[in-house]
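An overview of the molecular structure
Listed here are the chains, written in short residue letters.
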Amino acid sequence: MTSERVPPASPASAAGLGSPASPASDSGFGSPSSPRQDGSCGRVLLVDDEPLFASAMDRILRPEGHTLIAASGWAELEPQLADPSLDLILLDLVLGAVDGISVLERIKAERPDLEVIVMTGYASVESAVGCMRLGAFDYLEKPVGDIHRVRNSVRRAIERRRLLDRTRILEQELAGREGSPELIGGAPSMRAIVRMIESLRHNESNVLVQGESGTGKEIVARAVHAASPRRDCTFVPVDCGALPESIIESELFGHEKGAFTGATGAPGLFRVADGGTLFLDEIGEILPSVQAKLLRALQQKEVRPVGASSAVPVDIRVVCATNRDLSEMVAEGSFRQDLYYRLNVVRIELPPLRERGEDVALLAQHLLQKHLRSDSPVRGFTPEALERLCRYPWPGNVRELENAIESAMALSQSERLHAADFRLGGSTPLPVVSTPSVGAAVPLSLEAYERLALERALEESRGDASEAARRLGIGRSTLYRKLSKHAIEVRRRPTKPTAPADLTDSVGTLEAVG
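Model, not experiment: these values are computed from the prediction.

The next thing to look at is the overall build of the protein. Counting its secondary structure elements, the protein contains 21 helices and 16 strands. Taken across its 514 residues, the protein has 42% of its residues classed as buried. Taking the contacts inside the protein whose residues are at least 6 apart along the sequence as the reference set, 71% of them involve residues at least 24 apart. Entry remark: accessible area of the protein is about 26,600 Å², with carbon and sulfur atoms responsible for 53%.

This brings us to the pairing of strand β6 (residues 115-120). With six of six residues buried, β6 lies mostly within the body of the structure. Neither face of β6 is open: one carries Glu115, Ile117 and Met119, the other Val116, Val118 and Thr120, and all of them are buried. Note: β6 against strand β7 (residues 138-141), four bridges, orientation parallel. The residue bridging Thr120 from the neighbouring strand is Glu141, located in β7.

Scanning all chains against the criterion turns up five aromatic pairs. For the ring pair Tyr340 and Tyr341, a centre distance of 5.6 Å and an interplane angle of 50° mean the geometry is tilted. By relative accessible area, Tyr340 is classed as buried at 11%. For Tyr341, a relative accessible area of 53% translates into the label exposed. Arranged with centres 4.7 Å apart and planes meeting at 85°, the rings of Tyr392 and Trp394 form a pair that is edge-to-face.

Buried within helix α20 (residues 476-485) are the following residues: Thr478, Leu479 and Leu483. Looking straight down α20, one finds that the buried residues subtend no more than 135° of arc, so they occupy a single side. Facing away from the buried side of α20, by more than 90 degrees, are the exposed residues Ser477, Arg481 and Ser484. Among the residues trailing α20, Ala487 stands out with phi positive, at a value near 55°.

Moving on: the side chain of Arg391. Residue placement: Arg391 occurs in helix α16 (residues 383-391). Residue class for Arg391 comes out buried when judged on its relative accessible area of 13%. Side chain to side chain, Arg391 and Glu460 meet in a polar contact 2.3 Å long. Setting aside chain neighbours within four positions, we find Arg391 in contact with Arg456, Glu460 and Arg471.

Turning to the pattern of salt bridges, a few remarks are in order. For side chains bearing opposite charge, pairing can occur when the charged atoms are close. Under the counting rule described, the total for this entry stands at 31 salt bridges. We note a salt bridge from Arg43 to Asp83, for which the minimum N-O separation is 3.4 Å. Within this pair, whereas Arg43 is found in strand β1 (residues 43-47), its partner Asp83 is found in the loop between α4 (74-80) and β3 (86-92), the two being separated by 40 residues in sequence. Under the relative-accessibility criterion, Arg43 is labelled partly exposed at 22%. Between Arg451 and Glu455 there is a salt bridge; the shortest N-O distance is 3.1 Å. Taken as a pair, Arg451 and Glu455 lie in helix α18 (residues 446-460) at a separation of four residues, close to a single helical turn. In the salt-bridge network here, residues are joined through shared partners; they are Glu387, Arg391, Glu460, Glu467, Arg470 and Arg471.

Residues other than glycine predominantly adopt negative phi, and peptide bonds predominantly adopt the trans conformation. In the segment running from Lys142 into Pro143, the intervening peptide bond is cis, with an omega of -5°. Mapped onto the fold, Pro143 is located in the loop between β7 and α7 (147-178). Positive phi values are uncommon outside glycine, yet Glu282 reaches one of about 55°. The topology assignment puts Glu282 in the loop between β10 (277-281) and α12 (288-300). Positive phi, normally seen in glycine, also occurs at Arg462, with a value near 55°.

Turning our attention to the packing of helix α15 (residues 360-371) against α16. Orientation of α15 relative to α16, taken along the N-to-C sense of each, is 120°, at an axis distance of 9 Å. Taken together, the axes of α15 and α16 lie oblique to each other. For α15 against α16, the interelement crossing comes out right-handed. Across the interface between the two elements, Val360, Ala361, Ala364 and Gln365 of α15 pack against Leu386, Leu389 and Cys390 of α16. Among the residues making up the contact of α15 with α16, the classes are represented as six nonpolar, one polar and no charged.

Time to look at the nonpolar core. By size, the foremost hydrophobic cluster in this structure holds 32 residues, and its most contacted members are Leu252, Phe270, Leu278, Leu280, Ile283 and Phe335. Looking at this core, the elements with two or more residues in it are β9 (235-239), α10 (248-253), α11 (269-272), β10, α12, β13 (317-322), α13 (326-332) and α14 (337-343). Considering each element in turn, this core owes the most residues, five residues, to α12. With residues up to four places along the chain from it excluded, the contact list for Ile283 reads Leu208, Leu294, Cys320, Ala321, Thr322, Leu326, Phe335 and Leu343. Leu353, Leu386, Tyr392 and Phe422 belong to the second-largest nonpolar core, a separate cluster that totals 23 residues.

Relative to the helices and strands, Ala308 resides in the loop between β11 (302-303) and β12 (312-313). Of the residues examined, Ala308 reaches a relative accessible area of 13% and is grouped as buried.

Let us look at the sheet that holds β10. Whether parallel or antiparallel, the strands of a sheet pair through hydrogen bonds between backbone atoms. In space, the five strands of this open sheet follow the order β9-β10-β13-β8-β14, with parallel pairing throughout. Taken across any chain shown, the strands that pair with only one partner, and hence form the sheet edges, are β9 and β14 (346-349). Across this sheet, the average inter-strand angle for adjacent strands is 20°, counted without regard to direction. Looking at chain direction, strand β8 (residues 207-210) and β13 are connected through four bridges and run parallel.

This brings us to the pairing of β3. Counting buried positions over the seven residues of β3 gives seven, a clear majority of the element. Summarising the sheet, β1 and β3 pair through five bridges and their orientation is parallel. Its bridge partner lying in β3, Val44 is registered against Leu88. Pairing analysis gives five bridges linking β3 to β6, with the strands arranged parallel. Residue pairing for β6: Leu91 is matched across the bridge by Val118.

Reading guide: rules and limits
- For every chain, the first residue of the written sequence is number 1, and numbering continues from 1 onward in sequence order.
- Selection of residues for local features in this predicted model requires a pLDDT of at least 70, selection of side-chain atom pairs for listing and counting requires 80 or more, and totals for whole chains, interfaces and linings are taken over all residues.
- The basis for every side-chain value is the complete set of non-hydrogen atoms in the structure, without hydrogens or water.
- Only DSSP runs of H or I reaching four residues or more are called helices, and only runs of E reaching two or more are called strands; each is numbered from the N terminus.
- Burial classes: relative accessible area under 20% of the type maximum marks a residue as buried, over 50% as exposed, and values in between as partly exposed (1.4 Å probe, protein chains only).
- Here, two residues are considered to be in contact whenever any of their heavy atoms come within 4.5 Å of each other.
- Method for areas: the Shrake-Rupley scheme with a 1.4 Å probe, in which residue coverage is limited to the protein chains shown.
- Two strands make a pair as long as DSSP finds a minimum of two bridges between them.
- Side-chain rings of Phe, Tyr and Trp, where Trp is taken by its six-membered ring, are said to pair if the distance between their centres is within 6.5 Å; with planes under 30 degrees apart they count as stacked, over 60 as edge-to-face, and otherwise as tilted.
- Each C-beta atom gives one direction from the helix axis, and the arc is the one those directions make.
- Residues adjacent in sequence count toward polar contacts only when both atoms are side-chain atoms; beyond that, a polar contact is any pair of N or O atoms within 3.5 Å, and within protein one must be able to donate a hydrogen and the other to accept it.
- By convention in these notes, a salt bridge is any Lys or Arg side-chain nitrogen within 4 Å of a carboxyl oxygen on Asp or Glu.
- In this analysis, axes come from line fits to C-alpha atoms, helices being fitted only over the stretch in contact, and the angle between any two N-to-C directions falls in the range 0 to 180 degrees.
- In this scheme, roughly parallel covers angles under 35 degrees and roughly antiparallel covers those over 145, while 65 to 115 is roughly perpendicular and the rest are oblique.
- The hand of a helix crossing depends on one turn: near helix anticlockwise from the far one by less than a right angle means left-handed, and clockwise means right-handed.
- When residues are grouped by polarity, Ala, Val, Leu, Ile, Met, Phe, Trp, Tyr, Cys and Pro land in nonpolar, Asp, Glu, Lys and Arg in charged, and all others, Gly among them, in polar.
- Joining through side-chain atoms within 4.5 Å is the link that ties buried Ala, Val, Leu, Ile, Met, Phe, Trp, Tyr and Cys residues into a set, and such a set is a nonpolar core.

Structural data, given as structure tokens:
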């Protein structure tokens, strides 16, 4: 590569370029002539006590789009180290009476993330080795003979700095995800919830999680906390419905010693969660008298313990959950409207398990692994068992599914759980439904199995197309399309006989005619 010589600087151009506080130096000795577009431009701090050399470095780096700042020694360098946008330091090893090696050590001690390129007119092997051991990115000799070498070294140092920044951010995100509870499910509604939680990663707004009992509201609350900047602080769950009316205020806000008979003093859950996240489960059960104090705590970010004369500041994020419709409670007058608006900043609606039937098999496998013991023979499910689990409506949602799987695993002695191992909707094992319309054998064909599933769903739903579609986990239009495909005619069976037994056939029973 040929060398490009630096044109000599005039005294006027070099004058007054030694102080980082001057407007000229902070603006990079002028605007960039043709900045690069690849993200390798950066803020470069030159530590050198020779104004002419500073002007020469400006003419080398400015065409590349870099912003150059000048400092003549440690006194001017030290304030610049607090600038988070600083990307690179060009350091002369001879700064008057100051040893450049000691300056390099102090830079790396205070800002180990900053790259440093050493430039010296007294180069030696020993000096170069010492600087590289202290963390210098490169070691260049003065005077500058090859400006391409300087530009390439500066560009590579800034690129490395940006790469390390991106790596650190990625590690922080991964650390947050590792600490986050896993939200199992591929249903569109669950994917939307995961995206919403991701969008709250840098947000401090209060969150209201609403859904039926057993849908996993606390898991979502923990995921919100784990994805937030507060993930390294405390997550404090509170079941508001389980707190006795007489002590709920003391439990939330704390109390002073002697505030009431037997009071020994307690900080309260708000102060326990200080800096972290407070999860108020079953928020709809909070008494009206406590709602007003809760509202004040959220608005003023302070709590007043029972028996105290002054309030205590708290810094928390509140995530609430309920299986009740708070808007209806507001209309009824049993829940404060202003508190509702304070809590319902971000709303997450959790769907019931019956509306995400495609997730049942995935959840079942996850829960089986969760409760798997080393001495358990169970290793999976039979296809019939998974089919039965997918078709059950799960009124108790994921909590009921987990209970059913744990119970079946405790009693099973087989490697796979069978349909008969599950006790669903009662104390008796779920019966296996026979399929009289298909004969003893089913051909090895997807078409045949689809026809079988349609006939069984119609048989069990007594010809109710809506119920059959729900059992199959498909829409009614899809059901009718598949029935037409297989030429299956649906006739609804009455729930009670409308004629004597000998006339039953003439009145009509369910028939699935192929």
